[in-house]
Amino acid sequence: MPELPEVETIARKLRPDLVGRKIISADLRWNRTLALPSPGRFKQQIQGQEILDVTRRAKYFIAQLSDFHLLVHLRMSGDLLIKDSTIRAEPHDRLLLKLSDGRSLVFNDTRKFGRVWLTSQPANILGKLGPEPLGEDFTATWLHNALHKKRRQLKPLLLDQSFIAGIGNIYSDEALHIARLHPLTISDSVTVKQAEALHAAIRTVLNEGIRRNGASFDWVYRGGEFQNYFRVYGRTDEKCPVCRTKIKRILVGQRSTHFCPNCQKSR
Ligand SMILES: [Zn+2]
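What you are looking at is a predicted structure, and each value in this text was computed from that prediction instead of being measured.

Peer 1: Could you give an account of the pairing of strand β3 (residues 51–57), naming the residues involved and the relevant values?
Peer 2: Bridge count for β3 against strand β4 (residues 60–65) is six bridges, and the pairing is antiparallel. Across the sheet, the residue bridging to V54 is A63, located in β4. In this antiparallel pair of consecutive strands, β3 and β4, the connection spans two residues, and A58 shows a positive phi of 55 degrees.

Written as structure tokens, this is what we have:
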């Protein structure tokens, strides 16, 4: 499932292809891909819009248009790519936006969980998100205070997009391992030093993920190589890269969670 680094990778890759192009028309091939507005309104409103910028917020891909924002959430299996407009649509292509340069921006989504919004009020969708972990608002002091306002286990708290945005199963397991924190640690027991370590670890894994063009593990996304550098995620029974203890896998709120029982002791 794509997380912050994978969406950031897509946005960076597509930006030079998209900025300055106009959207000529929309071919919506599966109506439920569209969260907002209605299909008829969408096709009418997006026609003739110029793409001014391409950004990302949390796991949302954002194209800023002349009058609207186009938001895409890839969810389980979504992917965005540029294709020549003369190439026939593939079975899992859900939305094709024909561009002024003869190519198309294609949203492909095998499992159909991905969603697209066209709105002039992006804050209505993005406003509930917690701070951006690579942004200035996310500091070690903020994290320590925020952890102490909750009494929740660290792993599900890190996955909660209203607490901190953009982190999913892979990057939370990796960050907790670097910070040497057990995934079931209760948030308000985390010390200042541990919060500093977790803050640094979150940034380290996200930046490393971006540097390696994201992870291709368990996802259609092609070209990322961060999966070759996982410390604990998906490495059940393999040796911890720090202490050689066997990595354990447990279920936390239905999500598989990987950790080193020696480096990440529960207290
Ligand atoms: Zn270890």
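Peer 1: Pulling in residues and values, what's your account of the sheet that holds strand β5 (residues 69–73)?
Peer 2: Read from one edge of the open sheet, five strands run β2-β9-β5-β4-β3, paired in mixed fashion. Sheet topology places β2 (34–36) and β3 at the edges, where each strand pairs with a single neighbour. Sheet twist, expressed as the mean angle between neighbouring strand axes with direction ignored, is 20 degrees. The pairing of β4 with β5 spans five bridges and is classified as antiparallel. Bridging from a neighbouring strand, I62 pairs with L71 of β5. The strands touched by helix α1 (residues 4–18) within the sheet are β3 and β4, with β3 carrying the most contacts at an inclination of about 170 degrees.

Peer 1: So what's going on with the coordination of the zinc ion? Which residues, and what values?
Peer 2: At this site the zinc ion is bound by C240 (SG), C243 (SG), C260 (SG) and C263 (SG), with donor distances of 2.2 to 2.4 Å. The site at the zinc ion holds four donor atoms, and with the angles between them running 99 to 114 degrees, its shape is tetrahedral. Motif for the zinc ion, donor spacing along one chain: C-x2-C-x16-C-x2-C. Taken together, the positions of C240 in the loop between α7 (192–211) and β10 (248–252) and C260 in the segment after β11 (255–259) put the pair 20 residues apart, joining distant regions of the chain. In this structure C240 comes out as buried when scored by relative accessible area, which is 0%.

Peer 1: Can you tell me about the sheet that holds strand β1 (residues 23–28), naming the residues and giving the values?
Peer 2: With antiparallel pairing, the four strands of this open sheet are ordered in space as β1-β7-β8-β6. With partners counted over all chains shown, the strands left at the sheet margins are β1 and β6 (78–84), one partner each. Across the sheet, the mean angle separating the axes of adjacent strands is 20 degrees when strand polarity is ignored. Of the pairings in the sheet, the one linking β1 to strand β7 (residues 93–99) comprises five bridges and is antiparallel in character. Looking at the pairing, S25 lines up with K98 of β7. Each of β6, β7 and β8 (103–109) is contacted by α1, which is oriented at about 25 degrees to β6, the strand it contacts most. Along the sheet, helix α2 (residues 39–46) makes contact with β1 and β7, crossing β1 at roughly 160 degrees.

Peer 1: So what's going on with unusual backbone geometry? Residues and values would help.
Peer 2: For the peptide bond that leads from L36 to P37, omega is -5 degrees, which places it in the cis range. Not every positive phi belongs to a glycine, and R75 is a case in point at roughly 50 degrees. Within the secondary structure, R75 sits in the loop between β5 and β6. For R75, a relative accessible area of 34% gives the class partly exposed.

Peer 1: Provide a residue-level description of helix α6 (residues 169–178), including the pertinent values.
Peer 2: Most of α6 is tucked away: nine of the 10 residues are buried. Looking at the residues trailing α6, positive phi occurs at R180, about 60 degrees.

Conventions and cut-offs
Residues numbered from 1 in each chain as written. Predicted model: local features only at pLDDT ≥ 70, side-chain atom pairs only at ≥ 80, totals over all residues. Heavy atoms only, no water. Pairing = 2+ DSSP bridges. Helix = DSSP H or I, 4+ residues; strand = E, 2+ residues; numbered from the N terminus. Axes fitted to C-alpha atoms, helices over the stretch in contact; angles between N-to-C directions. Contact = heavy atoms within 4.5 Å. Donors = N, O, S within 2.8 Å, 3.2 Å for Na, K, Ca; no water. Tetrahedral: all angles 85-135°; square planar, octahedral: opposite > 155°, others 65-115°. Buried < 20%, exposed > 50% of the residue type's maximum accessible area, 1.4 Å probe, protein only.

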